[in-house]
Amino acid sequence: MAKKLIELRGIYKSYGDVNAVEDFNLYVNENEFVTLVGPSGCGKTTILRLIGGFEDADYGEIILDDVIINNLPAHQRPINTVFQRYALFPHLNVFDNVAFGLRNFSRTMSEIKTNCSRKYENEREDILKKLSDKKITKEEKNKLKFRLKEIRNQVKVDTSEEKYKLIEKKLAEIDVKYEALLKDIDEKIEIEWNKDDVVKSAKLELKEIYEKVALDIEKGESKAKALKKYEARIKELNKVTKWEELTKLERERKELIKNKNLEIKSAKSLMMNKKQIKEEVFEALKLVKLDGYEYRKIDEMSGGQQQRVAIARAIVNKPKILLLDESLSALDLKLRQDMEYELKEMQRHLGITFIFVTHDQEEALTMSDTIVVMNKGKIQQIGTPEDIYNEPKNRFVANFIGESNIFEGTYLGDKMVRFMGNDFLCVDENFEVNEKVDVVIRPEDFDRVDLDKAKIIGIVTDIVFKGVHFEICLDVEGKEVVLHNYENAKVGDKIGLNVDPYEIHLMKYNEEI
């Protein structure tokens, strides 16, 4: 069963007299790709900013791993954001842009602080509730405030102790790791130092070879030809006489000690060292298919490449949640479609929870495990892409996600519905007899039939070629009906339509949405 990672409970956020978000309730599971979709101004970016810590909610709770994080600053949350404009540093190259977070922030230290705060979270919340009670006495209020101060100080003490324990553990691990490596290389060096007899023997053999070469030259052979016969052996003997293996091992030993000192320094600060940062940056760039671009200037990168850099920078320090705010909107259509698939593959590979904001329905349907449809600060429907498309809850969802024909109808009972002057068999039945309903039929779900077999007959008023199909607009007794069909028509033609029961979707009638 999927584990709940983050939850928003009863969130309200307003800007002056404008309510951006009202009574917003949502939870997101680990490793899930969730998309918030809706028109401009519906509140989706506000939700993203509240999760990221860039805005504070007026009311409600944001809970991450069972801890309320409303008061946790953005930089201490295990959450990274890819902004619409990418927000890259133009004066830094690709490598330095991606490495920026690793050099300037310790995710480990942030997690220590969070874990230490977690122990007192319930008590702290209880104190804050009591302080909001107007009946509380001044003496009780002072006691509660003093306890809050004690909790803050205790969190600092606990954080310091946990930091010290972790550093000690890391230093011990480094000692164990390098003790084994240095022991192995020291044994090899000792063997090389004990090769005096081998070196003497090699020098003697070399002398004999050069004497033979000299004799061959005296006999009229060229120097090059005389040396050619012994070339491979001379190369082997030179390695021995020049202590090449010993020199190589000594160099490796120095490098090991240098790396050990770097890791010790890194462990004491709980930050990554240069070698670790380089490895992480190269790995992140490889993930976004930018290996080889490490030292390219940002202004030499295309829009798609810059977006990949922004993603690499966001994922390099392995956040639990990655927020993407309209991050594909600046790309051209083909590149945007390519990136949709790549983002989904990346999310599967990394195992990071993605929360994506877009107003593009196709993006939402293509990438998401779960879609949250929003309008006017409220959730209209939550579901899988298939559920949202095939089973919209109301007119807004039906119109916003894909194209829809919506008719006013009446449910007749026994899976029968009347609309457009005819009775149709359907599959929905959770309605009262004679209840008014909204009937949804997608443009691609109509069947084009002969006029004598048609239940709906319309006159063609407009035709648009969409590449894969024709979009045909029909006038049916004064109402516009849209048909997607592979067969063309002409303006003024009469077209007969029918529809299968499973292509008819009924919704509760709501004239306000």
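Residues numbered from 1 in each chain as written. Predicted model: local features only at pLDDT ≥ 70, side-chain atom pairs only at ≥ 80, totals over all residues. Heavy atoms only, no water.

Caption draft 1: Spatial organisation of the overall build of the chain. Assigned secondary structure in the chain consists of 15 helices and 20 strands. Radius of gyration (C-alpha) of the chain: 35 Å, far over the 24 Å computed for a compact globule of 513 residues. Dimensions of the chain along its principal axes, counting C-alpha atoms only, are 115 × 85 × 45 Å. Residue burial in the chain is summarised as follows: out of 513 residues, 42% are buried. The contacts in the chain between residues at least 6 apart in sequence include a share of 69% that link residues at least 24 apart. Summing over all exposed atoms, the chain offers an accessible surface of approximately 29300 Å²; the carbon and sulfur share of this is 49%. Positive and negative side-chain charges of the chain, numbering 86 and 96 respectively, have mean locations separated by a distance of 8 Å. (Helix = DSSP H or I, 4+ residues; strand = E, 2+ residues; numbered from the N terminus. Rg over C-alpha atoms; globule rule 2.2 N^0.38 Å. Buried < 20%, exposed > 50% of the residue type's maximum accessible area, 1.4 Å probe, protein only. Contact = heavy atoms within 4.5 Å. Areas by Shrake-Rupley, 256 points an atom, 1.4 Å probe, with all protein chains shown as cover. Lys, Arg positive; Asp, Glu negative; His and termini not counted. Charge placed at Lys NZ, Arg CZ, Asp CG, Glu CD.)

Caption draft 2: Structural detail: the nonpolar core. V98, V281, L285, V288, V309, I311 and L322 are the most contacted members of the largest nonpolar core, which has 34 residues in total. In terms of residue count, helix α11 (residues 303-315) provides more of this core than any other element does, six residues in total. Listed in part, the 27 residues of the second largest apolar core include I11, V34, I51 and M374. (Core = buried A, V, L, I, M, F, W, Y, C linked by side-chain atoms within 4.5 Å.)

Caption draft 3: Representation of helix α1 (residues 44-52) in the model. Of all nine residues in α1, seven are buried, a share of seventy percent or more. All of the buried residues along α1 are K44, T46, I47, L48, L50, I51 and G52. The positive-phi residue at the C-terminal boundary of α1 is G53, with phi of around 90 degrees.

Caption draft 4: Representation of helix α12 (residues 333-350). Between the first and last C-alpha of α12 there are 26 Å, a value that for 18 residues agrees with the 26 Å anticipated at 1.5 Å per step. Of the residues making up α12, those classed as buried are R336, M339, E340, E342, L343, K344, M346 and Q347. In this fold, the buried residues of α12 make contact with β3 (33-37), α10 (274-287), α11, β7 (321-325), β8 (353-358) and α13 (361-367). At the C-terminal side of α12, G351 shows a positive phi close to 70 degrees. (Expected span 1.5 Å × (residues − 1).)

Caption draft 5: Highlighting the sheet that holds strand β12 (residues 416-419). Strand order in the open sheet made by the five strands is β13-β12-β11-β14-β20, with antiparallel pairing throughout. Two strands bound the open sheet, and with one partner strand each, they are β13 (422-425) and β20 (505-508). The mean inter-strand angle of the sheet, taken between neighbouring strand axes irrespective of direction, is 45 degrees. Note: β12 against β13, four bridges, orientation antiparallel. Its bridge partner lying in β13, M416 is registered against L425. (Pairing = 2+ DSSP bridges. Axes fitted to C-alpha atoms, helices over the stretch in contact; angles between N-to-C directions.)

Caption draft 6: Layout of a positive patch on the surface. Together, K235, K239, K248 and R251 give the surface a local cluster of positive charge. Here K239 lies in helix α8 (residues 231-241). (Patch = residues over 30% accessible without salt bridge, like charges linked within 9 Å, V, L, I, M, F, W, Y side chains within 5 Å. Salt bridge = Lys/Arg side-chain N within 4 Å of Asp/Glu carboxyl O.)

Caption draft 7: Looking closely at the packing of helix α2 (residues 94-104) against α11. Where α2 contacts α11, the axes come no closer than 7 Å and their chain directions differ by 30 degrees. The pairing of α2 with α11 is recorded here as roughly parallel in orientation. The handedness of the crossing between α2 and α11 is right-handed. Note on element contacts: α11 touches α2 through V309, A312 and R313, opposite V94, N97 and V98. Each residue belonging to the contact of α2 with α11 can be placed in one class, and the counts come to four nonpolar, one polar and one charged. (Parallel < 35°, antiparallel > 145°, perpendicular 65-115°, else oblique. Left-handed = near helix turned anticlockwise from the far one by under 90°. Nonpolar A, V, L, I, M, F, W, Y, C, P; charged D, E, K, R; others polar.)

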